[in-house]
Amino acid sequence: MTKKKVISSCCSAVIVAAIAACTSCSGGNGWQMEQGMVWNTTYHITYKGAPELKDSVLKVLGEIGKSLNVFDGESLVSRVNITDSTAIDTHFRSVYTMSQLVNTASGGMFDPTLSPLITAWGFGPGHEMTADTLAVDSILRFTGIGKTHLSGDYLVKEDIRTQFNFSAVAKGYGCDAIGTMLARNGVNDYMIEIGGEIAASGMSPRGGGWRISIDRPVESATEEIHDAVTVIEVNDAGIATSGNYRNFHKQGNKTLGHTISPLTGRPVQTDVISATVIAPTAMEADAAATACMASGSAKSKEMLASLRLEGMLILSDSTIWTTPGFDKLCEKSQGARVKSQE
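Residues numbered from 1 in each chain as written. Predicted model: local features only at pLDDT ≥ 70, side-chain atom pairs only at ≥ 80, totals over all residues. Heavy atoms only, no water.

The helix and strand inventory of the protein stands at nine helices and 17 strands. Put simply, the protein has 342 residues, and 54% of those count as buried. (Helix = DSSP H or I, 4+ residues; strand = E, 2+ residues; numbered from the N terminus. Buried < 20%, exposed > 50% of the residue type's maximum accessible area, 1.4 Å probe, protein only.)

Moving on, we get to the packing of aromatic side chains. Applying the stated criterion across every chain yields a total of six aromatic pairs. Seen in terms of ring centroids, Phe92 and Phe164 are 5.7 Å apart; in terms of plane orientation they differ by 75°. Their pairing is edge-to-face. Linking Phe92 in helix α3 (residues 90-105) with Phe164 in the loop between β7 (154-157) and α6 (170-184), this pair joins segments that are 72 residues apart in sequence. Here Phe92 and Phe164 have matching classes, each one buried. By way of ring pairs, the aromatic residues Phe92, Tyr96, Phe164 and Phe166 are connected into one cluster. (Phe/Tyr/Trp six-rings, centres within 6.5 Å; stacked < 30°, edge-to-face > 60°.)

Pairing is antiparallel across the open sheet formed by three strands, whose spatial order is β5-β7-β6. Only two strands of the sheet have a single neighbouring strand rather than two, namely β5 (85-87) and β6 (148-151). Averaged over all pairs of adjacent strands, the angle between strand axes in this sheet comes to 20°, irrespective of strand direction. Direction of pairing for β5 relative to β7: antiparallel, over a ladder of three bridges. Bridge assignment links Ser85 to a residue of β7, and that residue is Val156. Those strands touched by α3 are β6 and β7, and its axis lies near 135° from that of β6. (Pairing = 2+ DSSP bridges. Axes fitted to C-alpha atoms, helices over the stretch in contact; angles between N-to-C directions. Contact = heavy atoms within 4.5 Å.)

Attention shifts here to the pairing of strand β8 (residues 190-194). Burial of β8 is extensive: five of the five residues sit out of reach of the surface. Alternating positions in β8 separate into two faces, Tyr190, Ile192 and Ile194 on one and Met191 and Glu193 on the other, with burial throughout. With five bridges connecting them, strand β4 (residues 41-48) and β8 associate as antiparallel partners. By the bridge assignment, Thr46 is partnered in β8 with Met191. Linking β8 back to strand β9 (residues 197-201) in an antiparallel pair, the connection comprises two residues, with Gly195 at a positive phi of about 55°.

Below, the discussion takes up the environment of Ser318. Inspection of the secondary structure assignment puts Ser318 in the loop between β16 (310-315) and β17 (319-322). With 47 residues separating them in the primary sequence, Ser318 and Asp271 have C-alpha atoms 9.9 Å apart.

Okay, the pattern of salt bridges next. On inspection of all chains with the given rule, the structure shows four salt bridges. A salt bridge links Asp137 to Arg266, with the shortest nitrogen-to-oxygen separation between them at 3.6 Å. With Asp137 in helix α5 (residues 136-140) and Arg266 in the loop between β14 (254-257) and β15 (272-279), this residue pair connects regions lying 129 residues apart in the sequence. The shortest N-O distance in the salt bridge between Arg206 and Glu233 comes to 3.2 Å. With Arg206 in the loop between β9 and β10 (210-215) and Glu233 in strand β11 (residues 228-234), the pair connects residues that are 27 residues apart, well separated along the chain. (Salt bridge = Lys/Arg side-chain N within 4 Å of Asp/Glu carboxyl O.)

At a minimum axis separation of 9 Å, α3 and helix α8 (residues 297-307) run at an interaxial angle of 125°. Of the possible angle classes, the one that applies to α3 and α8 is oblique. The segment α3 lies against α8, with Leu101, Val102 and Ala105 engaging Met303, Ser306 and Leu307. Counted by class, the contact of α3 with α8 contains five nonpolar, one polar and no charged residues. (Parallel < 35°, antiparallel > 145°, perpendicular 65-115°, else oblique. Nonpolar A, V, L, I, M, F, W, Y, C, P; charged D, E, K, R; others polar.)

In structure tokens form, the structure reads like this:
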């Protein structure tokens, strides 16, 4: 697995996972579409099944929001953030356990306890930089998932000031939870996207797997610009992309991305501009893609290998690196097809 120099200039920017438009879906042929807003982002769901399952989709999203939405002051995670020991539910336990797994595999570079730092840098609730930005080192003393543990049905914190923000894993988990609900109701063919994270299963309305378009990245604070670099086709997988080009602040001539390093407590600067990960679940892909952004390419390659995940890294030197398995999923007809070479 080596990196390939990108010859075409159109491949020199960051990519983001996006869903190719599905124009053949309608209730008349058994395919349903649902879309809306949740957790300050959008969602799009396509599935082959009963129309009334849309109500169940909303119910699942509502339950997860009550557990994991850090922007809801009455959610479970908000209660956890102000106490030292709190009873948790299955949603919290699931994302916490996955966070521990990726935290270990990434050498600590994925950590959901960075909420005070995220807020301090202006990306959390309130979206404003605060005086805490000047006290990063003091905040680091009470961050770290290793300073927390599960005891039965309780989450226990060594320091009451430790706070969780599962935004880097909750959207993926939401995709998985909806997929589980659909499967429980006999639905085998679906694609669920929440904020760019995807869970796909079975066949798409056109037949064959689900075609996921991966964009070249264009930094913009005012709009999302979609321009495909390649398209992958999957049947059963979770897909996630992480990058700093759509969620950032400008501070003078500097760009501050939303990915915070658990080691320094500051917006991370690595050679990874964007990371796309394919995993058995969208939750794992979501967490691993974020870890890649914080880790840099060398550690990211090690982590992906240890977790046996497929991935693509867009690097700052205008190269693209992929695992061989990722390349096999790229459509052969794509002119800008990404390829892993020895």
